[in-house]
Amino acid sequence: MKKLSLLGLTVLLSACQFMQPASKGSLDGEVFYLQRSALPPNAVLSVSLQDVSLADAPAVVLDEQKGQVEGQVPLPFRLNYDPAQVTAGHTYSISARIEVDGKLKFTTTEQHVVQLDGSDPESLKIRVHAVR
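Conventions used here
Residues numbered from 1 in each chain as written. Predicted model: local features only at pLDDT ≥ 70, side-chain atom pairs only at ≥ 80, totals over all residues. Heavy atoms only, no water. Salt bridge = Lys/Arg side-chain N within 4 Å of Asp/Glu carboxyl O. Helix = DSSP H or I, 4+ residues; strand = E, 2+ residues; numbered from the N terminus. Buried < 20%, exposed > 50% of the residue type's maximum accessible area, 1.4 Å probe, protein only. Contact = heavy atoms within 4.5 Å. Core = buried A, V, L, I, M, F, W, Y, C linked by side-chain atoms within 4.5 Å. Pairing = 2+ DSSP bridges. Axes fitted to C-alpha atoms, helices over the stretch in contact; angles between N-to-C directions.

Caption draft 1: Focus on the pattern of salt bridges. Summed over the entire model, instances satisfying the criterion amount to three salt bridges. As a salt-bridge pair, K125 and E30 come within 3.0 Å of each other at their nearest N and O atoms. Placement of K125 in strand β8 (residues 124-127) and of E30 in strand β1 (residues 25-32) is noted, with a sequence separation of 95 residues between them. Between E99 and R97 there is a salt bridge; the shortest N-O distance is 3.0 Å.

Caption draft 2: Fine view of the environment of V86. You can see V86 is positioned in the loop between β4 (75-81) and β5 (92-100). With relative accessibility at 23%, the residue V86 sits in the partly exposed group. Along the backbone, V86 and L62 are 24 residues apart, and their C-alpha atoms lie at a distance of 9.1 Å. Discounting residues that sit within four places of it in the chain, V86 has contacts with Y81, Y92 and L116.

Caption draft 3: Broad picture of the nonpolar core. Counting 25 residues, the largest nonpolar core has V31, L49, I94 and I98 as the members making the most contacts within it. At the level of secondary structure, the elements contributing two or more residues to this core comprise β1, β2 (43-51), β4, β5 and β8. Broken down by element, this core gets its largest block of residues, five residues, from β5. With sequence-adjacent residues up to four places away left out, I98 is seen in contact with Y33, L39, A43, V44, L45, L75, K103, L104, K105, F106 and V128.

Caption draft 4: Here's a closer look at the sheet that holds β1. Taken together, the three strands give an open sheet; going across it, the order is β4-β1-β8, and neighbouring strands pair in mixed fashion. The open sheet has two edge strands with one neighbour each: β4 and β8. Strand-to-strand twist in this sheet, taken as the mean axis angle between neighbours without regard to direction, amounts to 35°. Relative to β8, β1 is paired through four bridges, and the arrangement is parallel. Residue V31 lies in a different strand from β8, and its bridge partner there is I126.

Have a look at this one:
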């Protein structure tokens, strides 16, 4: 009886290993700009992780963080993604924008490519430029 209980417990523990949720990937970083100007309290920051592989199609958004800015630059962000959505050979990029009263004030002007294979820096630095 003892051996049967031990066997049952072993099978149960083995099954639990397969039922754990899939691991998630994440990217942390900061959005910044070089202008010496403060953001108003109603500024909104949007940061997105996109698959930009297809030049003639809209980018596929894997995750987006959007919300009212708290404080001043640098502005922290965290993007989460499912590694199962990552396709070898595809290009992934982070873009950011800051809006005030629905009007674009700052945006990325260059592509910030990420690998999503564990080799990305622990803290990404995403620069945005003023829109005139």
